[in-house]
Amino acid sequence: SRGAVKLIDFGVARLLAMPSERAPTQLVGTPIYMSPEQHYEPAAVSFPSDIYSLGIIAYELILGKLSHGQIHLALIPKGLQKILSKALQLHREDRYQDVVDFITDVSAYLNSTNIQKEKKVGDQLSELSENLKRAQNVLAPIQLPEWNDVEIGVASHKGLNIYGIYYDFFTREGGYGFIIGESGSKGAEGIVFTSILRGMVNALCELTNKPIELMTMLNNCFWVCS
């Protein structure tokens, strides 16, 4: 709140200068922030390993959300893509060897005129991503209906990709029913297709209370569209 940077959580820190301390041989750290050599060669950890972790944190700060181990540099301003790409190289010899060089490149970009030119593009991409996620939440709501004597559960993969999945629950003629649909397309296109399906179902539900008639009308609509 005071604008100061604080370092916390030294639970896995080691004093390498201590002569009695041997190099670590076990996997120690938070996996999504650890460099490849920390996973496979714990004894080979060096300064570039920390720069890799710093690159992950920088990516999350720029994006404004946690990465959950998924890095898509295309989502950040173009001027920073090259910098973070170097910090996140799989081989430590290809990364920044000194954090001063990393800081210098980041500072140079932040003080350049390019940041204002590229900021708008990054904001638009972020806004588009959020809109797609909100649309997906409408098509596949987390809140499920509470029906007597019926237990309802939905399981789905929660990743960064956007899928055109739609499901809904309804009661007709004293019974329960549900409908589920999935587009063969992913991303924005899949969202559009399943949104059309949702609109058709909602409209037809106003015309009939009979499940079989509802499905017949829906199939006829798709037949006409195709």
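Being a predicted model, the structure only gives us computed values, none of them experimental.

**Student:** An account of the overall build of the protein is requested, with residue identities and associated values reported.
**Tutor:** Tallying secondary structure elements over the protein gives seven helices and two strands in all. Seen in sequence order, the protein has helices and strands lined up from the N terminus as α-α-α-α-α-β-β-α-α. Residue burial in the protein is summarised as follows: out of 226 residues, 27% are buried. Nonlocal contacts in the protein, meaning residues at least 24 apart in sequence, comprise 46% of its contacts between residues at least 6 apart. Surface summary for the protein: the accessible area is close to 16,200 Å², and the carbon and sulfur share equals 57%.

**Student:** Give a description of helix H4 (residues 99–110) that names residues and reports values.
**Tutor:** End to end, H4 covers 16 Å across twelve residues, agreeing with the expected 16 Å (1.5 Å per residue, within 8%). N-capping of H4 is provided by aspartate 98, with a side-chain oxygen placed 2.8 Å from the backbone N of valine 100.

**Student:** How would you sum up the packing of aromatic side chains? Please name residues and give values.
**Tutor:** Counted according to the given criterion, the structure contains three aromatic pairs. Arranged with centres 5.4 Å apart and planes meeting at 75°, the rings of tyrosine 96 and phenylalanine 102 form a pair that is edge-to-face. A residue is classified by how much of its surface remains accessible, and tyrosine 96, at 3% relative accessible area, is buried. According to the relative accessible area criterion, phenylalanine 102 is buried, its value standing at 5%. Measuring from centroid to centroid gives 6.0 Å for tryptophan 147 and phenylalanine 169, while their planes differ by 80°, and the two rings are edge-to-face. Here tryptophan 147, found in the loop between helix H5 (114–139) and strand E1 (163–172), pairs with phenylalanine 169, found in strand E1; they are 22 residues apart in sequence, far enough to count as distant. Relative accessible area serves as the criterion here: at 16%, tryptophan 147 is assigned to the buried category. Among the aromatic residues, ring-to-ring pairing joins Trp147, Tyr167 and Phe169 into one connected group. When the ring centre of tyrosine 96 is taken as reference, the NZ or CZ atom of lysine 86 above it lies at 4.6 Å.

**Student:** Lay out a nonpolar patch on the surface in plain terms, naming residues and giving numbers.
**Tutor:** Taken together, the side chains of Leu54, Ile57, Leu61, Val99, Val100 and Ile103 define a hydrophobic patch exposed on the protein surface, amounting to about 520 Å² of accessible area. Mapped onto the nonpolar patch, the elements with two or more residues apiece are helix H2 (47–63) and H4. Relative to the helices and strands, isoleucine 103 resides in helix H4. A residue is classified by how much of its surface remains accessible, and isoleucine 103, at 45% relative accessible area, is partly exposed.

**Student:** An account of the packing of helix H3 (residues 78–87) against H4 is needed here, citing residue identities and associated values.
**Tutor:** Interhelical geometry of H3 versus H4 gives an angle of 170° and a closest axis separation of 10 Å. Considered as vectors, H3 and H4 are oriented roughly antiparallel to each other. Residues Gly79, Leu80, Ile83, Leu84 and Ala87 of H3 lie in contact with H4, whose contacting residues are Phe102, Asp105, Val106 and Tyr109. Its residues assigned to classes, the contact of H3 with H4 shows seven nonpolar, one polar and one charged.

**Student:** Quick rundown of the packing of H2 against H3? Include the residues and the values.
**Tutor:** Contact pair H2 / H3: the axes reach a minimum separation of 8 Å and the direction vectors enclose 150°. One finds that H2 runs roughly antiparallel with respect to H3. Taken as a pair, H2 and H3 cross one another with a handedness that is left-handed. Along the contact surface, H2 presents Ile51, Tyr52, Gly55, Ala58, Tyr59 and Ile62, while H3 presents Leu80, Leu84 and Ala87. Residues that form the contact of H2 with H3 fall into these classes: eight nonpolar, one polar and no charged.

Reading the values: rules and limits
Residues numbered from 1 in each chain as written. Predicted model: local features only at pLDDT ≥ 70, side-chain atom pairs only at ≥ 80, totals over all residues. Heavy atoms only, no water. Helix = DSSP H or I, 4+ residues; strand = E, 2+ residues; numbered from the N terminus. Buried < 20%, exposed > 50% of the residue type's maximum accessible area, 1.4 Å probe, protein only. Contact = heavy atoms within 4.5 Å. Areas by Shrake-Rupley, 256 points an atom, 1.4 Å probe, with all protein chains shown as cover. Expected span 1.5 Å × (residues − 1). Polar contact = N/O pair within 3.5 Å; in protein donor to acceptor, adjacent residues only side chain to side chain. Phe/Tyr/Trp six-rings, centres within 6.5 Å; stacked < 30°, edge-to-face > 60°. Lys NZ or Arg CZ within 6 Å of the ring centre and 35° of its normal. Patch = residues over 30% accessible without salt bridge, like charges linked within 9 Å, V, L, I, M, F, W, Y side chains within 5 Å. Salt bridge = Lys/Arg side-chain N within 4 Å of Asp/Glu carboxyl O. Axes fitted to C-alpha atoms, helices over the stretch in contact; angles between N-to-C directions. Parallel < 35°, antiparallel > 145°, perpendicular 65-115°, else oblique. Nonpolar A, V, L, I, M, F, W, Y, C, P; charged D, E, K, R; others polar. Left-handed = near helix turned anticlockwise from the far one by under 90°.

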